[in-house]
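One letter stands for each residue in the lines below.
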Amino acid sequence: MQRHPRQERLNRIQLIGRVQFAYEQLKETMQRYHDDSPRARAAIAAARRRLSLLNRALAMLALEVAQQPA
């Protein structure tokens, strides 16, 4: 499988942007829902899961890049 460094870099940048966007969405969701309703808990939990998943993907990508020869 041939590697395309330019495309890989763009993919990393996109992932970083998605993590930042997910973080902003979580902040907005937490500000929007002040009550402790089931809907609020579900919305916040979904936003946290999304951010957590993207953070893990970013961490895995960082490890992969760090292990590549220079």
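The following refers to the structure shown. (Residues numbered from 1 in each chain as written. Predicted model: local features only at pLDDT ≥ 70, side-chain atom pairs only at ≥ 80, totals over all residues. Heavy atoms only, no water.)

**Remarks on the overall build of the protein chain**
- Secondary structure summary: the protein chain contains two helices and zero strands in total.
- In terms of overall size, the protein chain is more extended than a compact globule, its C-alpha atoms giving a radius of gyration of 16 Å where 70 residues would be expected to give roughly 11 Å.
- Its C-alpha atoms give the protein chain principal-axis dimensions of roughly 50 × 20 × 15 Å.
- Among the 70 residues that make up the protein chain, the fraction classed as buried is 16%.
- Sequence separation of 24 or more characterises 61% of the internal contacts of the protein chain that already satisfy a separation of 6 or more.
- Taken as a whole, the protein chain presents about 6000 Å² of accessible surface, with 56% of it coming from carbon and sulfur.
- If you average the places of the 13 positive and of the 6 negative side-chain charges in the protein chain, the two averages end up 4 Å apart. (Helix = DSSP H or I, 4+ residues; strand = E, 2+ residues; numbered from the N terminus. Rg over C-alpha atoms; globule rule 2.2 N^0.38 Å. Buried < 20%, exposed > 50% of the residue type's maximum accessible area, 1.4 Å probe, protein only. Contact = heavy atoms within 4.5 Å. Areas by Shrake-Rupley, 256 points an atom, 1.4 Å probe, with all protein chains shown as cover. Lys, Arg positive; Asp, Glu negative; His and termini not counted. Charge placed at Lys NZ, Arg CZ, Asp CG, Glu CD.)

**Some points on the packing of helix H1 (residues 5-32) against helix H2 (residues 38-67)**
- Between H1 and H2, the least distance of the axes is 9 Å, while the angle of their chain directions is 155°. As summarised for this structure, H1 and H2 are arranged roughly antiparallel, according to the angle between their axes. Considering only the axes of H1 and H2, their crossing is left-handed. Where H1 abuts H2, its residues Arg12, Leu15, Ile16, Arg18, Val19, Ala22, Tyr23, Gln25, Leu26, Thr29 and Met30 lie against Ala43, Ile44, Ala47, Arg48, Arg50, Leu51, Leu54, Asn55, Ala57, Leu58, Leu61 and Val65.
- Looking at side-chain class alone, the contact of H1 with H2 contains 16 nonpolar, three polar and four charged residues. (Axes fitted to C-alpha atoms, helices over the stretch in contact; angles between N-to-C directions. Parallel < 35°, antiparallel > 145°, perpendicular 65-115°, else oblique. Left-handed = near helix turned anticlockwise from the far one by under 90°. Nonpolar A, V, L, I, M, F, W, Y, C, P; charged D, E, K, R; others polar.)

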